[in-house]
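# Remarks on the overall topology
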Amino acid sequence: MNRSQPETGLRARLRNLFVFLRRENLLRLFLILASMILLGAIGMSAFEPKTSFPNAIWWSVVTLTTVGYGDISPTTLGGRLIGMLIMFCGIGVLGIFSATVASVLVERKLKEDRGMHSYDFSDHIILCEWNYRAKEILHELHADQQGHEVPIVLIAELELKPIDNDNLYFVQGDLNEETLNRANLAKARSTIILGDDRLEPRARDAKVVLSTLTVESLNPDVYTIVELVDATNVRHCERAQANEIIVGSEFSSKLISRATMEHGISKVVSELLSSRFGNNLFKIPVPEPMAGRTFMDVFTQMKQVHDSTVLAVLKGGEGEVMSNPPADHLVESGDHLIVVSARRP
């Protein structure tokens, strides 16, 4: 049973390749080139008895491509006529072949820029909606040590791919089952759902909730991060099984209020949240030698060995968040640490 699956996949790929070659007329050109090489070799070996058939194949290929090494050359009238025929015909056929390949590549690039392609990535990130925040998110993800090579598939109602980025792939259209399947949601690592700035706040949050329901219904295992305007809609996203909910206005309001009372707080938070400069926040599993030890022991060991400061403990990796736990709190295996460090420990 296990052997038949790869065979089926290989057979499907070969069939798709055959259909592609036939649709683009490349199959016909390949057959013409092969026929010219074969007929040229037969004619060369017939008129030039000293030239073996394998050497005639080599001569035919070299002559057809106008390379002309000169290691084999016809001496008889018939052989030279065959060579002239291959030269003149080869120029035309190779020109058509080059133009066809170029047009296929250009068409493929245009389809990618217009978001008409489907992708089969795995462990990638799907970014829903495009705005100035999406551009900043993209820059931060690429600046992160782990995120700079992760493929990012953008789903948005745009005519063309918004920026020229080799690691950004575009699917044109509204967020629905069809576009999510084209982005290969089934194998995605995370999905980021941003608000549509073209809508008023209530409609914008409603669209986010609906998008979250769509994503979670298709793949409940994907980690979903959503952006809201109004904190009263948080419970709707929680019912839609969103993993993390960020209320932009609420977050900025809290940061402004803290910066008002404690000057300089916003600078520290900005540095910690950015992957492009200064120290960063990282989430790491508890190292096995530290499992079962007190928070103070883990805190001291992480600072001494990794020059990292532990801020919080996440129970089970994604469970309860314990910021600044008591010194005697036992850190267990399976927990994760939120640390501040210049690089990922």
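The present account deals with the structure reproduced in this document. It should be emphasised that the depicted structure is a prediction, and the values quoted were computed from it without experimental measurement. (Residues numbered from 1 in each chain as written. Predicted model: local features only at pLDDT ≥ 70, side-chain atom pairs only at ≥ 80, totals over all residues. Heavy atoms only, no water.)

### Quick notes on the overall build of the protein chain
The secondary structure content of the protein chain amounts to 11 helices and 12 strands. Taken against the 2.2 N^0.38 rule, which gives 20 Å for 345 residues, the C-alpha radius of gyration of the protein chain at 31 Å runs more than 25% over that of a compact globule. In terms of principal-axis extent, the alpha carbons of the protein chain reach across some 95 × 50 × 50 Å. Look at the contacts in the protein chain between residues 6 or more apart in sequence, and 60% of them connect residues 24 or more apart. With 35 positive and 42 negative side-chain charges, the protein chain shows a separation of 7 Å between the mean positions of the two kinds. (Helix = DSSP H or I, 4+ residues; strand = E, 2+ residues; numbered from the N terminus. Rg over C-alpha atoms; globule rule 2.2 N^0.38 Å. Contact = heavy atoms within 4.5 Å. Lys, Arg positive; Asp, Glu negative; His and termini not counted. Charge placed at Lys NZ, Arg CZ, Asp CG, Glu CD.)

### Let's talk about the sheet that holds strand β1 (residues 125–128)
Spatial ordering of the open sheet is given by β3-β2-β1-β4-β5-β6, a layout of 6 strands whose pairing is parallel. For this open sheet the edge positions go to β3 (168–172) and β6 (244–247), each flanked by a neighbour on one side alone. Averaged over all neighbouring strand pairs, the angle between strand axes comes to 20°, with direction disregarded. Strand direction decides the pairing type here: strand β4 (residues 190–193) and strand β5 (residues 223–228), joined by 4 bridges, are parallel. Opposite Thr-191, over in β5, you have Thr-224 as the bridge partner. Sheet strands in contact with helix α5 (residues 132–143) are β1, β2 (152–156), β3, β4 and β5, and its direction is about 175° off that of β2. (Pairing = 2+ DSSP bridges. Axes fitted to C-alpha atoms, helices over the stretch in contact; angles between N-to-C directions.)

### Let's talk about the nonpolar core
By size, the foremost hydrophobic cluster in this structure holds 23 residues, and its most contacted members are Ile-126, Ile-155, Leu-185, Val-215 and Cys-237. Top contributing element to this core by residue count: helix α7 (residues 201–218), with 3 residues. By size, the runner-up hydrophobic cluster in this structure holds 13 residues, among which are Ile-125, Leu-138, Val-150 and Ile-192. (Core = buried A, V, L, I, M, F, W, Y, C linked by side-chain atoms within 4.5 Å. Buried < 20%, exposed > 50% of the residue type's maximum accessible area, 1.4 Å probe, protein only.)

### As for the sheet that holds strand β7 (residues 280–285)
Across the sheet, 4 strands lie side by side as β7-β12-β9-β10; this open sheet has antiparallel pairing. Every interior strand has two partners, whereas the edge strands, β7 and β10 (321–323), have only one. When the angles between neighbouring strand axes are averaged without regard to direction, this sheet yields 30°. Strand direction decides the pairing type here: strand β9 (residues 309–314) and β10, joined by 3 bridges, are antiparallel. The residue bridging Ala-312 from the neighbouring strand is Ser-323, located in β10. The strands touched by helix α11 (residues 295–306) are β7, β9 and β12 (336–341); relative to β9, the strand with the most contacts, the crossing angle is about 135°.

### A short note on the environment of Gly-319
Tracing the backbone shows Gly-319 in the loop between β9 and β10. Measuring from C-alpha to C-alpha, the distance between Gly-319 and Asn-279 comes to 25 Å, with 40 residues separating the pair along the chain.

### Examining unusual backbone geometry
Peptide bonds are trans in most cases, and residues, glycine excluded, mostly fall at negative phi. Phi is positive for Asn-184, which is not a glycine, with a value near 60°. Inspection of the secondary structure assignment puts Asn-184 in the loop between α6 (177–182) and β4. The exposure class of Asn-184 is buried, given its relative accessible area of 14%. The phi dihedral of Gln-241 falls on the positive side, at around 70°, and the residue is not glycine. Within the secondary structure, Gln-241 sits in the loop between α8 (234–239) and β6.

### Things to note about the pairing of β1
Taking every second residue as pointing to the same face, both faces of β1 are buried, with Ile-125 and Leu-127 on one and Ile-126 and Cys-128 on the other. Of the pairings in the sheet, the one linking β1 to β2 comprises 4 bridges and is parallel in character. Each bridged residue has a counterpart across the sheet, and for Cys-128 the counterpart in β2 is Ile-155. Sheet topology places β1 next to β4; 4 bridges connect them, and they run parallel.

### Let's talk about the packing of aromatic side chains
What the rule picks out here adds up to 4 aromatic pairs. A centroid spacing of 6.0 Å and a plane angle of 50° characterise the contact between Phe-295 and Phe-299, whose relative ring orientation is tilted. Pair noted here: Phe-295 and Phe-299 are both in helix α11, with a separation of 4 residues, about one helical turn. Three or more aromatic residues joined by ring pairs form one cluster here, namely Tyr-119, Phe-121 and Tyr-169. (Phe/Tyr/Trp six-rings, centres within 6.5 Å; stacked < 30°, edge-to-face > 60°.)

### Some remarks on a nonpolar patch on the surface
A cluster of nonpolar side chains, namely Leu-38, Leu-39, Ile-42 and Phe-53, defines an oily patch on the protein surface of about 370 Å² accessible area. Looking at the nonpolar patch element by element, the count peaks at 3 residues for helix α2 (residues 26–47). Accessibility expressed as a relative area gives 37% for Phe-53, which makes it partly exposed. (Patch = residues over 30% accessible without salt bridge, like charges linked within 9 Å, V, L, I, M, F, W, Y side chains within 5 Å. Areas by Shrake-Rupley, 256 points an atom, 1.4 Å probe, with all protein chains shown as cover. Salt bridge = Lys/Arg side-chain N within 4 Å of Asp/Glu carboxyl O.)

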